[in-house]
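Structural characterization, general
As a plain string of letters, each chain reads:
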Amino acid sequence: MVQQDDTVVQLPSKSTGFWYPDTDVEVLPLPTFSEIASTYQFQVIPANRFTMEQLTDAYNQTRVDYVVPMPMSVARLVEYVHVYDVDIDRSAVAMDGDQVLGLGMLGARPGCTWITRLGVVPGRRRRGVGEAVLLYLLAASEQMGIDLTTLDVIRGNAPAHRLFLKWGFHETRELIILRRPPGPSSTASVGQFHWLDKKEALKLADTRPRPISWLNAVSSLGNSDHVMGLTVTLPDGGHGWLVFQKKRFILTRLTIRTTKGDPMAVGRALFAQLYEKYPDMDSNMENVSTTNPHLPAFFDVGFVESFRRIEMYRVTHPALAHAARLVRGNIALRRALVVDTEEATVFSIRDSMKTLSNCDITVATSGEQAWRLFQQQPFDLLFADYKIPGADGMTLVERVRQSYPRTSIILTSAPGVGRSHR
Amino acid sequence: MPKVLIIDDNADHIRMTGRVLTRAGYQVFSASDGETGLDLAIADRPDVILLDLGLPDVDGQTLVGWLRREPVLEGVPIVAVTAWPDDVAAQMVAAYGFDGYISKPITFANLGNQVAAYLPSDDA
């Protein structure tokens, strides 16, 4: 129940088929950069004031006692920054005088940021360093107008996990990191295979169901060298593909999709062909979801589990939070329409939705235009602003609700309800 | 005097482990990344290699493959040094063909004996 022009308006509830901004995604208000600077006894400094050598050294210091330390050389950090679109200007280092306390990096892509390499030097933990760096990175995301931030936390890192929950992150999936020593597959390679170049491989990779881990996103593959792929058609008609990166000594970013048939059979055939060609290569695959239907094929060909991460999302726009719930609820979303007059909202929703789901997004700037588009071909999901001109938002919503009851509707604003964090 | 090659990117670990092993009667040399470790091992065949799994250039799993491919290093025990939980360490060590592993944090009082276990009995 909200009020508009002194008239009580009964907003439709979830049971009537649409959602409106509510307060359950309200997250703790973020401090500003100056508040961060005045709150802590140490400084949080933009990472662009440091050389890559200094950042590499700082990063390695934070990881020295980790079960999985993953140390980096300068070359490896430079590659990491490039492949994962890490924005050094918006990444941060916590310093006490000339002593490094911790650091965190921010990957930035349209509609989404990614917090990575967040760590605190042993002996300096539990004093708010990690929180200060996290808040800096979130403030940087907010400054960019981004409503969706993701991260992966190593399973078992309870203090970090608690910190992320406190600041509005929600767990989405459990991810497995796998390794496989060199050696051929024990399975014979059966089926018709076709090798793909990078361009063809990226095109297929873009058809994967969302969400996709940042590490293996199309942008990460696009930024990587020696990406290629492989398709298979099995004798029983099963079909699928594998996209991967061939580094100097190791095959990585191995992504499989079955388009027809049994994922185990498709995965097994693809791996058999892959290791027939590259029997001497080590293999590494990070962030395979525990629900990935190809996981048994990974184990079958000899991958072993190294460790696990928990993927977490922080969604600050209520409309996006609802959309995320729809996606998680496996509601089929093939086409979505965003109707809003605010360009920033439209772009934010469009770009973030591309991270969250596979649906095609169309944009309209008036209720009339939106209604015409609906009549041409209905949408599965409508994001509507109640203030839009033409037919006003509520009129559009009513028309759509009556004519297209299967469409899920999310109001991007509602009377008296603004963006949760602005 | 048996020779131990320590491959570890952490200078403190190398210093402390090296000191303990030297006191226990070993000749110790070290490398802080995989490529240097491989070069040193080939140039001066050690009796045992202690290999940290997390290295800045290649990781220990990849490096063990390189080391195993060198004919001059045939028969040299390669021992992983890792903070993995035992079940993961055991699986990873078996899959990648290490001779065994030593868990981190290292118990220095036992280290000499742990390394000796990988040497022929008349060597230790």
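In this text, all values refer to a predicted model and were calculated from it rather than measured experimentally.

Side note on the overall build of chain A
When helices and strands are tallied, chain A shows 13 helices and 19 strands. Counting only residues that meet the buried cut, chain A has 55% of its 422 residues in that class. Sequence separation of at least 24 residues holds for 74% of the intrachain contacts in chain A that already meet a minimum separation of 6. Carbon and sulfur atoms make up 50% of the accessible area of chain A, which amounts to about 18,200 Å² in all.

Let's talk about the overall build of chain B
In terms of helices and strands, chain B carries five helices and five strands. A compact globule built from 124 residues would reach a C-alpha radius of gyration of about 14 Å, and chain B, at 13 Å, matches this within 12%. Expressed as lengths along the three principal axes of its C-alpha atoms, the size of chain B is roughly 30 × 30 × 30 Å. Expressed as a percentage of its 124 residues, the buried residues of chain B come to 52%. A sequence separation of at least 24 residues applies to 61% of the contacts in chain B between residues at least 6 apart. Carbon and sulfur atoms form 50% of the exposed surface of chain B, whose accessible area is close to 5,500 Å². The distance from the centre of the 8 positive side-chain charges to the centre of the 18 negative ones in chain B is 6 Å.

Some remarks on the packing of aromatic side chains
Residues and elements named next belong to chain A. Within the structure shown, the criterion is met by 19 aromatic pairs over all chains. Ring centres of phenylalanine 164 and phenylalanine 169 lie 5.8 Å apart, and the angle between their planes is 65 degrees; this geometry places the pair in the edge-to-face category. Across this residue pair, the class does not change: phenylalanine 164 and phenylalanine 169 are buried. With a centroid separation of 6.3 Å and an interplanar angle of 85 degrees, the aromatic rings of tryptophan 195 and tyrosine 278 are classed as edge-to-face. Within this pair, whereas tryptophan 195 is found in strand S10 (residues 192–196), its partner tyrosine 278 is found in the loop between helix H8 (263–277) and strand S14 (282–289), the two being separated by 83 residues in sequence. On the accessibility criterion, tyrosine 278 (11% relative accessible area) is buried.

Observations concerning the sheet that holds strand S1 (residues 3–7) of chain B
Residue and element names in this part refer to chain B. Strand order in the open sheet formed by five strands is S2-S1-S3-S4-S5, with parallel pairing between adjacent strands. Because the sheet does not close on itself, it has two edges, and the strands there are strand S2 (27–31) and strand S5 (100–103). This sheet shows a mean twist of 25 degrees between the axes of neighbouring strands, independent of strand direction. Sheet analysis places S1 next to S2, joined by five bridges and oriented parallel. Bridge assignment links valine 4 to a residue of S2, and that residue is valine 28. Helix H2 (residues 34–43) contacts S1, S2 and strand S3 (48–52) of the sheet and is inclined by roughly 145 degrees relative to S2.

Examining the side chain of arginine 208 of chain A
Residues and elements named next belong to chain A. By the secondary structure assignment, arginine 208 is in the loop between helix H6 (198–205) and helix H7 (218–222). At a separation of 2.8 Å, a polar atom in the side chain of arginine 208 contacts the main-chain carbonyl oxygen of asparagine 216. Beyond its immediate chain neighbours, meaning those up to four positions away, arginine 208 contacts Asn216, Ala217, Val218, Leu221, Trp241, Thr255, Arg257 and Asn358.

Quick look at the interface of chain A and chain B
Residue-level contacts link 22 residues of chain A with 22 residues of chain B. Across the chain A/chain B interface, buried area totals approximately 1,700 Å², and carbon plus sulfur atoms make up 56% of it. Summed over the shared surface of chain A and chain B, the result is two salt bridges. Put simply, aspartate 59 of chain B and arginine 179 of chain A hold a salt bridge, and the shortest N to O gap is 2.2 Å. Linking chain A to chain B there are nine residue pairs in polar contact (both at pLDDT 80 or more). Those elements that place two or more of their residues in the side of chain A that touches chain B are strand S9 (170–180), S14 and strand S15 (304–315) of chain A. Looking at which element gives the most residues to the side of chain A that touches chain B, the answer is S15 of chain A, with four residues.

A few points about the nonpolar core
With 76 residues, the main nonpolar core has Met353 and Phe383 of chain A together with Ile49, Leu51, Leu63, Leu67 and Phe98 of chain B as its most contacted residues. Here the element with the most residues in this core is helix H10 (residues 318–328) of chain A; it accounts for seven residues. With 31 residues, the next largest nonpolar core counts Val44, Ala92, Leu118 and Leu138 of chain A among its residues.

Things to note about the sheet that holds strand S6 (residues 99–109) of chain A
Residues and elements named next belong to chain A. Spatially, S4-S5-S6-S7-S8-S15-S9-S14-S13-S12-S11-S10 is the arrangement adopted by the 12 strands of the open sheet, whose pairing is mixed. Strands at the two margins of the open sheet, each flanked by one partner only, are strand S4 (43–46) and S10. Each neighbouring strand pair of the sheet contributes to a mean axis angle of 25 degrees, computed without reference to strand direction. Here S4 pairs with strand S5 (residues 92–96) via four bridges, running antiparallel. Following the sheet pairing, isoleucine 45 is matched in S5 by valine 93. Most of the contacts of helix H2 (residues 52–63) go to S6, to which it runs at about 105 degrees, and overall it touches S5, S6, strand S7 (112–120) and strand S8 (148–154).

As for helix H5 (residues 108–116) of chain B
All names here are of chain B. When H5 is considered as a whole, its buried residues turn out to be Leu111, Gly112, Val115 and Ala116. For H5, the angular spread of buried residues about the axis comes to 125 degrees, placing them on one side. Exposed positions of H5 whose direction lies more than 90 degrees from the buried face are Ala109 and Asn113. Considering only its buried residues, H5 is in contact with S1, helix H1 (11–23), S3 and S5.

Notes on the pattern of salt bridges
Side-chain pairs of opposite charge can arise where the charged atoms are in close proximity. Residues and elements named next belong to chain B. In total, this model carries 23 salt bridges over all chains according to the counting rule given. Note that aspartate 99 and arginine 68 form a salt bridge whose closest N and O atoms lie 2.7 Å from each other. Here aspartate 99, found in the loop between helix H4 (86–96) and S5, pairs with arginine 68, found in helix H3 (residues 60–68); they are 31 residues apart in sequence, far enough to count as distant. Of the residues examined, aspartate 99 reaches a relative accessible area of 41% and is grouped as partly exposed. For arginine 68, a relative accessible area of 36% gives the class partly exposed.

Some thoughts on the confidence of the model for chain B
Across chain B, the average pLDDT comes to 92, with 98% of residues at 70 or higher. Prediction confidence for the complex, expressed as pTM and ipTM, is 0.86 and 0.82 respectively.

Here's the deal with the packing of helix H4 (residues 129–143) of chain A against helix H5 (residues 158–166) of chain A
Residues and elements named next belong to chain A. As a packed pair, H4 and H5 sit with axes 11 Å apart at the nearest point and diverge in direction by 40 degrees. In this view, H4 runs oblique relative to H5, as classed from their interaxial angle. Along this stretch, H4 crosses H5, giving a crossing that reads as right-handed. Between H4 and H5, the residues in contact are Gly130, Glu131 and Leu134 and Leu163, Phe164 and Lys166, respectively. Within the contact of H4 with H5, the residues separate by chemical class into three nonpolar, one polar and two charged.

Conventions we followed
Residues numbered from 1 in each chain as written. Chains lettered and ligands numbered in written order. Predicted model: local features only at pLDDT ≥ 70, side-chain atom pairs only at ≥ 80, totals over all residues. Heavy atoms only, no water. Helix = DSSP H or I, 4+ residues; strand = E, 2+ residues; numbered from the N terminus. Buried < 20%, exposed > 50% of the residue type's maximum accessible area, 1.4 Å probe, protein only. Contact = heavy atoms within 4.5 Å. Areas by Shrake-Rupley, 256 points an atom, 1.4 Å probe, with all protein chains shown as cover. Rg over C-alpha atoms; globule rule 2.2 N^0.38 Å. Lys, Arg positive; Asp, Glu negative; His and termini not counted. Charge placed at Lys NZ, Arg CZ, Asp CG, Glu CD. Phe/Tyr/Trp six-rings, centres within 6.5 Å; stacked < 30°, edge-to-face > 60°. Pairing = 2+ DSSP bridges. Axes fitted to C-alpha atoms, helices over the stretch in contact; angles between N-to-C directions. Polar contact = N/O pair within 3.5 Å; in protein donor to acceptor, adjacent residues only side chain to side chain. Buried area = accessible area lost by both parts, 1.4 Å probe. Salt bridge = Lys/Arg side-chain N within 4 Å of Asp/Glu carboxyl O. Core = buried A, V, L, I, M, F, W, Y, C linked by side-chain atoms within 4.5 Å. Arc of directions from axis to C-beta. pLDDT = per-residue confidence, 0-100. Parallel < 35°, antiparallel > 145°, perpendicular 65-115°, else oblique. Left-handed = near helix turned anticlockwise from the far one by under 90°. Nonpolar A, V, L, I, M, F, W, Y, C, P; charged D, E, K, R; others polar.

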